[in-house]
Amino acid sequence: MSTTGSTAFNLDMNDLIEEAFERCGTELRSGYDFRTARRSLNLLTIEWANRGINLWTVEQGQILMNTGQAIYPLPVDTIDLLDTVVRTNNGAGNNQIDINISRISESTYITIPNKNATGRPIQVFINRQSGNLATIPQTTLAAAITTTDQTTITLTNASNLPTQGFVNIGSETIGYQNIVGNQILNAWRGQNGTTAATHSNGADVYNNQLPCINVWPTPNPPGTQYTFVYYRMKRYRDWE
């Protein structure tokens, strides 16, 4: 028996379900059979994820760190980070150096007295949020903002937002470290691959539960660039 000479064989979901029914000595006859089989496949992948780390769900990523920015978003399908380092002189030949950064818990991070201290980050708190973007607005802008309004954003009511995290206004994601009264302070515009934009007074503001990291101290590169380098475990893709 000859072979194709390739290694591209990969059943799509329809073929997988049809094969499973045939192995059971029956046939796929209705759309309901298809829906129940798809549900079973999604339950199976969740079970695989619960059993431990699968290397096909692990990938490397990196985040360029900005002076004074303590919170950074992770890809929305991130489950957890496995290994992390802070890299200096990213890609600059033999001058590139990877330095260990210690993982700390939420309870340890919250007890750090001065979270705005600057220097080379040596600790990281990994905030494993759901990745859900709110479907209804939590508040609105009390004043228009432009692309150059970088750090302070005034809201009509901030009581329904967490004191630290991310919000979406239009297509822009904005990270922030503090809320005082109805003002977002220490805001970082254009996060999660978006771009800073102009937003009018009264624009809707949505809470975005992005998984993220909090680093300490906040970066203050002394003539060099800090890069957070990680291996992450990501979610399985859903079967459609």
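As a further point, take the pattern of salt bridges. Counting across every chain of the model gives 8 salt bridges. The partner of R23 in a salt bridge is E19, with the nearest N and O atoms 2.9 Å apart. Separated by 4 residues within a single helix, R23 and E19 lie in helix 1 (residues 13-23), roughly one turn from each other. Its salt-bridge partner being D80, residue R128 comes within 3.9 Å of it at the nearest N-O pair. One end of the pair, R128, is in the loop between strand 7 (123-127) and strand 8 (139-140); the other, D80, is in strand 3 (residues 78-88), with 48 residues separating them in the sequence. Among the residues examined, R128 registers a relative accessible area of 53% and is labelled exposed. Within this structure, E59, D77, R232 and K234 form a network of salt bridges that share partners.

Attention now moves to the sheet that holds strand 3. Taken in spatial order, the 4 strands of this open sheet run 1-16-3-4, and their pairing is antiparallel. Two strands close off the open sheet at either side, each with one partner strand: strand 1 (58-64) and strand 4 (97-100). Going from strand to strand, the sheet's axes swing by 35° on average, the running direction of each strand aside.

This part takes up helix 1. When we look at burial in helix 1, the residues that qualify are M13, I17 and F21. Projected onto a plane normal to the axis of helix 1, the buried residues spread over an arc of 70° and lie on a single side. Summarising the contacts, the buried residues of helix 1 are in contact with helix 2 (31-50).

Here we take up the pairing of strand 7. Each regular strand displays side chains that alternate between the two surfaces of the sheet. Within strand 7, 4 of the 5 residues are buried, which leaves the element mostly enclosed by the surrounding structure. Note: strand 5 (residues 102-104) against strand 7, 3 bridges, orientation parallel. Looking at strand 7, one finds that S102 is bridged to Q123. Of the strand pairs in this sheet, strand 7 and strand 14 (residues 212-216) are connected by 5 bridges, and their pairing is antiparallel. Residue N127 lies in a different strand from strand 14, and its bridge partner there is C212.

The next subject is the packing of aromatic side chains. Counted by the stated rule, this structure contains 2 aromatic pairs. Ring centres of F228 and Y230 lie 6.0 Å apart, and the angle between their planes is 35°; this geometry places the pair in the tilted category. Across the pair, Y230 and F228 agree in class, each one buried.

Our focus in this paragraph is helix 2. With 20 residues, helix 2 ought to run about 28 Å at 1.5 Å a step, and its terminal C-alpha atoms sit 29 Å apart, in line with that. Three or more residues of helix 2 are buried, namely T36, A37, L41 and T45. Those residues of helix 2 hidden inside the fold are in contact with helix 1. One or two residues past the end of helix 2 sits G52, with phi positive at roughly 140°.

Procedures and definitions
- Residues numbered from 1 in each chain as written.
- Predicted model: local features only at pLDDT ≥ 70, side-chain atom pairs only at ≥ 80, totals over all residues.
- Heavy atoms only, no water.
- Salt bridge = Lys/Arg side-chain N within 4 Å of Asp/Glu carboxyl O.
- Helix = DSSP H or I, 4+ residues; strand = E, 2+ residues; numbered from the N terminus.
- Buried < 20%, exposed > 50% of the residue type's maximum accessible area, 1.4 Å probe, protein only.
- Pairing = 2+ DSSP bridges.
- Axes fitted to C-alpha atoms, helices over the stretch in contact; angles between N-to-C directions.
- Arc of directions from axis to C-beta.
- Contact = heavy atoms within 4.5 Å.
- Phe/Tyr/Trp six-rings, centres within 6.5 Å; stacked < 30°, edge-to-face > 60°.
- Expected span 1.5 Å × (residues − 1).

That is the geometry; function is a separate question.
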